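Residue-level structural notes
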Amino acid sequence: MTKKDSVNYLPALADAYDPLSAEQLEILNQQVISEGEMASVQSKFNYAWGLIKSDLKEEQKLGVKILTEVFKDSPQRRRECLYYLAIGTYKLGDYSDSRRYAEALVNHEPDNAQAIALKRMVEDRISKESLIGVGIIAGTVAIGATVLASLLRRRR
Amino acid sequence: MASNNRNNSPSEDLLAATTRLSKAVTSTASALINTSDSSNVLLKTPHYQKAIYDTLIGPHRNQQPRTVAVKFRKKKAPSEFLRLNFSKDEISYRAITHIPDDLLNEIPEGSNLENKDKFTLFQGFNASIPQVNEELNLFKELNLENLKFSTKDDSQKLLTLDTNDEKSKIIIEKKLNNPLPIDISSKKIKQSKSVKNLNIYKQKILKKMHYLEIRKNLTSNEISEIDAKIQKLTSMRDALFQKVAKFEKDEIYLEGFIHEISDKVEALDKGEVAVDDEAEDSSDELIDTNTNLSTKNPGKKSISFNKDTIVHDSDNDPEKKTSEEAPQAYQSLSEEYDLIEDAEADEYFLSQSIYTSLQKKPPKYHKISSKNRKIKPTLQNYYNSGAEISSFPAHEQGITCFDFDYPFGTMVSASLDSTVRVWDLSTQKCLTLLEGHEMYVRCMQMDNNLLVTGSEDSNLKLWDLSRVENKEYEDDDGVLGKSGEEDENDSDPCVYTFESHIDEITALHFDENNLLSGSSDRTIRQWDMKTGHCLQTLDVLWVTNNAQVTSPIDTGMSYQGSSTQNNSNVPFIGTLQCYSAALASGTADGIVRLWDLRSGEVIRTLTGHTGPITCLQFDEKSLITGSEDKSIKVWDLRMGKIEQNLVYDSGIASLQFDSKKIVFTNNQSYVSVYDRESGEVNKLVPKDVAFTSTSIFARYKEGYLVGGYSNGVVKTWAV
């Protein structure tokens, strides 16, 4: 853990790509297990965030699952959970979900610079992909048209 | 199907593709949901089905304008379509992680995330990581680092290992419990002479303190959040509780009508009502009641019905009627009665003369049978065991006795202030006063709507409480004014007065039509509740003297002894209970006598108590007695021996038992509940700590306990 983090109240996107060691993660997991049904929100979040930081897709998914649980269980923590969820889903590639969360957060905190930045980043990502998507479709349509045209021409 | 769709989608028109995709997904999802795979129980619940639907199709399909562009931009990036796979895992993951729109917008107002006073979970995470690292370092120090942590199993092994190795476990715990940073010890700080080092220590400790502050803050936030939740849940529970209470009250109210109707039908079928014009009218009304409950007032009719029967019965010979109606057991009793008649001719004629001069009518009452009661009050089950449900001042002076019909039902209480009050236990309101006794009521028993009270004025009175209750309901409907103008005699709840005793009534018990009363005139009388006749008189003193001559058992206490105690307000006949022809009585001489009512003789005496017996109860197995000698004794009825002897700090005033517990009062501020299985005594203590009055009397039914106090307060508990 870098020292600057303790100053920030929300993680930067880079934080999500800085995996913990397996041992660290396991201790966080054990913490949740030892608390059993009484697992505190903080312990659950610690484990969930540790999982999201992981490189493994399955672990990230589990992290998002737990975060969703925290979101549902703890209304007081919903604002920040939206942020973590946005990052988690972004990392998983679920950009539309990520965008939903980021938008909801910005709606509630229109002045939160970090939330706005996150939202913009997700939007950029989606529109970038959209362009590629449009390109693919345009390409396929073009190819389709060509094939069709050639077929038609051949018939004549 | 799913994989086909995935391959084709980019090559087709996008809108069509999404629609088809959605269909495919729903069908895949439903296929999954419909499989009987037990591991996917989650997916079968409607909640998750909806969640899946929302995730994959969108909850408000038709509400948004659906241009290709909007859909494209709003919903999914193309790469997401490409990487969608429709495995079970993926779908359940989607369902679980989906947050519906309404929930997404349901975010409580509060301080912004940028607020510096409140920490975020992320800050909490960062504050926790150093601790995690410390723990890891500890394990490594203990040479456990040779384990590989590449898989979860191994990591778990790491953490389970320390529980096996006691020594390392102790070291780890010791170190973990020490809040100092791991590389600093108090020894180090004391011994260090280097300013530089000390400054480093200081920095490290400050950092740790900062982390602890964050974690403390976050944890206390969680507590306040849980408090808020508990509060919300409590109020939700309260609201539901009120609903249950309302339903139950309505049920009981309606059930009253059912009993009334069925009792009337029964009476009509038996042909008890003479078919004259008046009766015709009443049966016509009955049909009306059947067909149109809401407009007719059943209470009024019940009274008019009774009047009819009273008139009818008084025309007949009451003796003849009794012999027709009385069950076989009582037929033998009345034969017995004939025999006794000679022996007690004088007294009989006296009572007969009083009877004929004062009371021409036998008691007439409308008995509601409890057998076909379907509604069980359950409200008391929603309280914690031992919780005080209510507390209200019922009388100005000490409670002497009371009885109630069912939890949250009707209670009748008597007090030294010489009043008898009828209460609605659910509202703690006094419905009415039962007036008639000239002195205070010492004992009573209630069976559904029937109540018998025994008073210091040496009379017993039989009351029909259904008349009182009807009054109350009319009051609720605002009809009281009308019914109040009707004949007073019809609505008088006192239906009969048993007067033969020449001294105060101290104990009574009735079952079916058999009423037994014990008086300070040292007699026990048996009454027929149908006719109001005294069937026999048992002279306890005479029997006692005889028994002391004939019985080899030394009673341990002469009658003279009990006589002195009698003067100090301890009744001679403290308690009695009958069951068919068996009668048990507890007297001031500490002896329990078991009587055979057919012969009028004592068939067994149980000795053991050294003080006056104040209360007793028996069932088929055992008899339990409570006495001024501060003990409760459990007797085995078959062996006639003491099975259990429970001794307490003060004299037992009242008790009641069932197979599981004995409830008793022993002149303390609490009511005790003795668990017959574990032998533990659970004290029901008044909620108000300053409450110092002593409990006189306690009764319970179906987990609902009522206690009466010497200052006139009545308290109820859930047990």
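Residues numbered from 1 in each chain as written. Chains lettered and ligands numbered in written order. Predicted model: local features only at pLDDT ≥ 70, side-chain atom pairs only at ≥ 80, totals over all residues. Heavy atoms only, no water.

What follows deals with the overall build of chain B. A count of helices and strands for chain B gives 23 helices and 28 strands. Residues counted as buried form 47% of the 719 residues belonging to chain B. Restricting to contacts in chain B with at least 6 residues of sequence separation, those with at least 24 account for 54%. (Helix = DSSP H or I, 4+ residues; strand = E, 2+ residues; numbered from the N terminus. Buried < 20%, exposed > 50% of the residue type's maximum accessible area, 1.4 Å probe, protein only. Contact = heavy atoms within 4.5 Å.)

Let us now look at the UniProt feature "repeat: WD" (unreviewed entry) in chain B. Residue and element names in this part refer to chain B. Per the UniProt entry, the sites bearing "repeat: WD" (unreviewed entry) are residues 392-433, 434-473, 498-537, 583-605 and 606-645 in this numbering. Across residues 498-537, helical content stands at 0% and strand content at 62%; the span's end C-alpha atoms are separated by 13 Å. What you have in residues 606-645 is 0% helix and 60% strand, and the ends, taken at the C-alpha atoms, are 14 Å apart. (UniProt positions renumbered as here; feature names shortened; annotations may be inferred.)

A few words now on a nonpolar patch on the surface. Together, Ile 143, Val 147, Leu 148, Leu 151 and Leu 152 of chain A give the surface a local cluster of nonpolar side chains, amounting to about 480 Å² of exposed area. On the secondary structure map, Leu 152 of chain A appears in helix H7 (residues 113-155). (Patch = residues over 30% accessible without salt bridge, like charges linked within 9 Å, V, L, I, M, F, W, Y side chains within 5 Å. Areas by Shrake-Rupley, 256 points an atom, 1.4 Å probe, with all protein chains shown as cover. Salt bridge = Lys/Arg side-chain N within 4 Å of Asp/Glu carboxyl O.)

Core analysis: the largest hydrophobic core is formed by 48 residues, its most contacted members being Phe 45, Trp 49, Leu 67, Phe 71, Leu 82 and Tyr 84 of chain A. Elements supplying a minimum of two residues to this core: helix H2 (22-35), helix H3 (41-52), helix H4 (57-73), helix H5 (78-92), helix H6 (95-108) and H7 of chain A together with helix H8 (101-105) and helix H9 (121-144) of chain B. The element that contributes the greatest number of residues to this core is H5 of chain A, accounting for 8 residues. Lining this core are residues from two domains, each supplying at least three of them: domain 1 (2-105) and domain 2 (121-237) of chain B. Excluding residues that lie within four positions of it along the chain, Tyr 84 of chain A makes contacts with Tyr 9, Leu 10, Pro 11, Phe 45, Trp 49 and Leu 67 of chain A together with Thr 120, Leu 121 and Phe 122 of chain B. Counting residues in each nonpolar core, the second largest holds 31 residues, with Val 412, Ala 414, Val 441 and Val 706 of chain B among its members. (Core = buried A, V, L, I, M, F, W, Y, C linked by side-chain atoms within 4.5 Å. Domains from an automatic or database assignment.)

Our next topic: the sheet that holds strand S12 (residues 523-528) of chain B. All names here are of chain B. On the basis of which strands lie adjacent, the open sheet formed by 4 strands has the order S10-S11-S12-S13 and antiparallel pairing. The sheet is open, and its two edges are formed by strand S10 (505-511) and strand S13 (534-539), each paired on a single side. Averaged over neighbouring strand pairs, the angle between their axes works out to 15° when direction is ignored. The pairing of strand S11 (residues 514-519) with S12 spans 5 bridges and is classified as antiparallel. Within S12, the residue paired with Leu 516 across the bridge is Gln 526. (Pairing = 2+ DSSP bridges. Axes fitted to C-alpha atoms, helices over the stretch in contact; angles between N-to-C directions.)

What follows covers the UniProt feature "transmembrane region" (unreviewed entry) in chain A. The feature "transmembrane region" (unreviewed entry), as annotated in UniProt, sits at residues 131-152 of chain A in this numbering. For residues 131-152 of chain A, the end-to-end C-alpha separation is 31 Å, with 100% helix and 0% strand making up the annotated structure.

Below, the discussion takes up the confidence of the model for chain B. Residue and element names in this part refer to chain B. Predicted confidence across chain B gives a mean pLDDT of 72, with 62% of residues reaching 70 or more. Residue range residues 27-39 is modelled with pLDDT below 50. Its contacts to residues more than four positions away, or to other chains, number 14 contacts. Counted against residues more than four places away or in other chains, residues 59-73, with its pLDDT under 50, gives 22 contacts. (pLDDT = per-residue confidence, 0-100.)

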